[in-house]
Structures are given as structure tokens and as C-alpha cells.
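# Notes for the structure review
These are the residues of each chain, in order.
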Amino acid sequence: MYYHDGWTQAQIAEKLGVSRPVISKLLQRAKDEGIVKVYIKDESVHTVELERKLEKYFHLTDVVVVPNNGLTGEMAKREVGQAGANYISNSMKDVKSIGISWGDTLANLVLEYPFERREEVTVVPLEGGMGVKQVQIHANQLASELAKKLHSTCTYLYAPAIVETEELKERLMGMQDIQTVLENGRNVDIALVGIGNPFTDSTLMKLGYLQEDDLSHLREVGTVGDIGYRFFDENGQPINDTLNKKVIGITLEEFKSIKKVIAVVEGEHKVESILGALKGKFIDVLITDELTASAMINKYNE
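First, a word on what this report is: a plain description of the structure on this page.

Definitions and cut-offs
Residues numbered from 1 in each chain as written. Predicted model: local features only at pLDDT ≥ 70, side-chain atom pairs only at ≥ 80, totals over all residues. Heavy atoms only, no water. Pairing = 2+ DSSP bridges. Helix = DSSP H or I, 4+ residues; strand = E, 2+ residues; numbered from the N terminus. Contact = heavy atoms within 4.5 Å. Axes fitted to C-alpha atoms, helices over the stretch in contact; angles between N-to-C directions. Buried < 20%, exposed > 50% of the residue type's maximum accessible area, 1.4 Å probe, protein only. 1 Å grid on protein atoms, 1.4 Å probe; cavity = no way out; pocket = protein on both sides within 12 Å on 5 of 7 lines; lining within 4 Å. Points joined across faces, edges and corners; volume = space filled by probe spheres on them. Nonpolar A, V, L, I, M, F, W, Y, C, P; charged D, E, K, R; others polar.

## Overview of the sheet that holds strand E2 (residues 97-100)
- Ordered in space as E1-E9-E8-E5-E2-E3-E4, the seven strands form an open sheet in which the pairing is parallel. Edge positions in the open sheet fall to strand E1 (62-66) and strand E4 (153-154), since each of these has one partner strand only.
- Relative to strand E3 (residues 122-125), E2 is paired through four bridges, and the arrangement is parallel. Across the sheet, Ile98 pairs through a bridge with Val123, a residue of E3.
- Sitting on the sheet, helix H4 (residues 73-89) touches E1, strand E5 (190-193), strand E8 (260-264) and strand E9 (285-289), and the angle it makes with E9 is about 150°.

Below is the structure:
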């Protein structure tokens, strides 16, 4: 009744016509005599160990590792997104503003986020995002969808993420509306970001933001990843080249001043990208999958 049917000790006592302490003693005796044995699932133990190691190695505030259990890439991405949604939902105390970047995993987070009533919260896009390709993963769209889940409000950054020239960027950055949204983004209580690898399964390539000659250049200057279209090397140093100078959004240095930056990332191909972001101290909380976490630990120990 207790273990299979989920009855309380009080319910069982009433059913059997004895006192609750008698039931408690019988349950304890069942454990002592080996009639009942309690096991902790191995994968859960393993993921907790990974979380503790990552927190210790990289001085992170929190780490959440999701078991893979044979999941495909898309399913793992959805599981990581769901874990991110649960983490955010449980971390909303005193939060008045949330900044959100772009990407597939963050889109899964928003999709899995429960409907809540947090009318005092404002959701802010952390970079621009306009166009016709995969608009469902742009920061503006994700800010709007998350605000709907929270029954709250959002702002919009009416500009592309990457513009054609530095001159055009300066002109757009001079607009009051864009300045206001970016300033709000710099001062959010929580920032939600993804971490990209521009060379493998790159969403930036799919969106047309990067061309082959851009990739060649990024390799030459030692790029390993990006956060919000801002590229960095293996030591977490920003790549200050022409590409970065055309981005409309929060800079890597500005991410460091945000109270809590939460990275939601899936995939072993992003291990070097995540390690670079950690060395740059751009993030405070990491939510990822078991295979990626294990590969990070192995790489760290090499």
C-alpha cells in the first residue's frame, strides 16, 4: 500500500485498524529485513556528480545536467529546454526583468515554460532579429512568447541582429528606441542565453548571417563560439573584428555585469564553445545534457 499504491501511513493505519506508529515500525522493519530495498537510479547519481564537478571546476552558481538516456539530438534539446524552464520558474523570486537571447534550445525552453501570472515582469530581447528565416527562434519572438506565458509585457528591438556596415549600425544605435531597449537589456535581473558553435551545425549559417568566407576568417582568428552573435576564443576573449562591430545587441563585457546569466546548451559539438564561455566568465548558471557535461569534464581533465 505504501510503496506501490502511494497511500500515507495514516491511511494504511485506518484501513488495518492499528495506530500510525505501528505502520511506521513495520515499514522500517521491512527495510531492515531486506523485504524492501531502496535504489537511487544510476543516471541520477551520475548527473548529480557531474553537476557538482562543473560547479566546482568553473565556480558556477548552479549547474543542471539532464540525463540523455538514449535521446536523439532534438529530444535532448527539448529535455534541456524543459529543465531550463523548470529552473527559471523556480528562480523567479524578486525578478522584475528577464533578458532573452535567441536559438533553438531557448525556443524549446519557452515552449516548455508553464503558464504563470507574473504581471510585474518585463521580458527584453538581448539582440536584434529581423528577417524571414526561422523567425520563431529570434530574440524578439522568444521575448513575446515568454511574456505570453508569464501574462506579462515585453519590449521589442526593431533592428537586425547583424547589419551590413558599421556605419548602418551606428545610425541604428543612435535611435532612442533601440538605445532604450539595449539599456534595459543591460540591467535585467536574469539573462537567458544559448551558446553557439559557428562551425558545426551552425544556426548562424542556416539563417544566412555567416558565409563561407566568414567562417574561414573566424577560424583564422581563433573563434570557438558565440553568445548572442558575439564571438570569443578558447580563452573567453572577445573577437574584436568587423563581424562583432556590426552586431546590434548586448556585448560580452556587458553580460558580465548582469546579475545572473543562465546558459541553456545542448550538444557535444559545443563543448569547446561552452568552455570558452566559462573561461570568459560570461555565465553564472549552466543547464546542459549529460553527454555534453561528461565531455566537458573529460576535456577539463586532459
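Next comes the rest of the account.
## Here's the deal with the environment of Glu268
- If you trace the backbone, Glu268 turns up in the loop between E8 and helix H12 (271-279).
- Under the relative-accessibility criterion, Glu268 is labelled partly exposed at 48%.
- Residues Glu268 and Asp289, 21 residues apart in the sequence, show an inter-C-alpha distance of 8.8 Å.
- Among residues more than four places away in sequence, those in contact with Glu268 are Leu291, Thr292 and Ala295.

## Looking at the layout of surface pockets
- Space inside the largest pocket adds up to approximately 400 Å³.
- Residue lining of the largest pocket: 27 residues in total, with Asp104, Ile195, Gly196, Thr203 and Lys270 positioned closest to the centre.
- Looking at the lining of the largest pocket, the elements that each hand over two or more residues are H4, helix H5 (104-112), helix H9 (203-207) and strand E6 (223-227).
- Residue classes in the lining of the largest pocket are distributed as seven nonpolar, twelve polar and eight charged.

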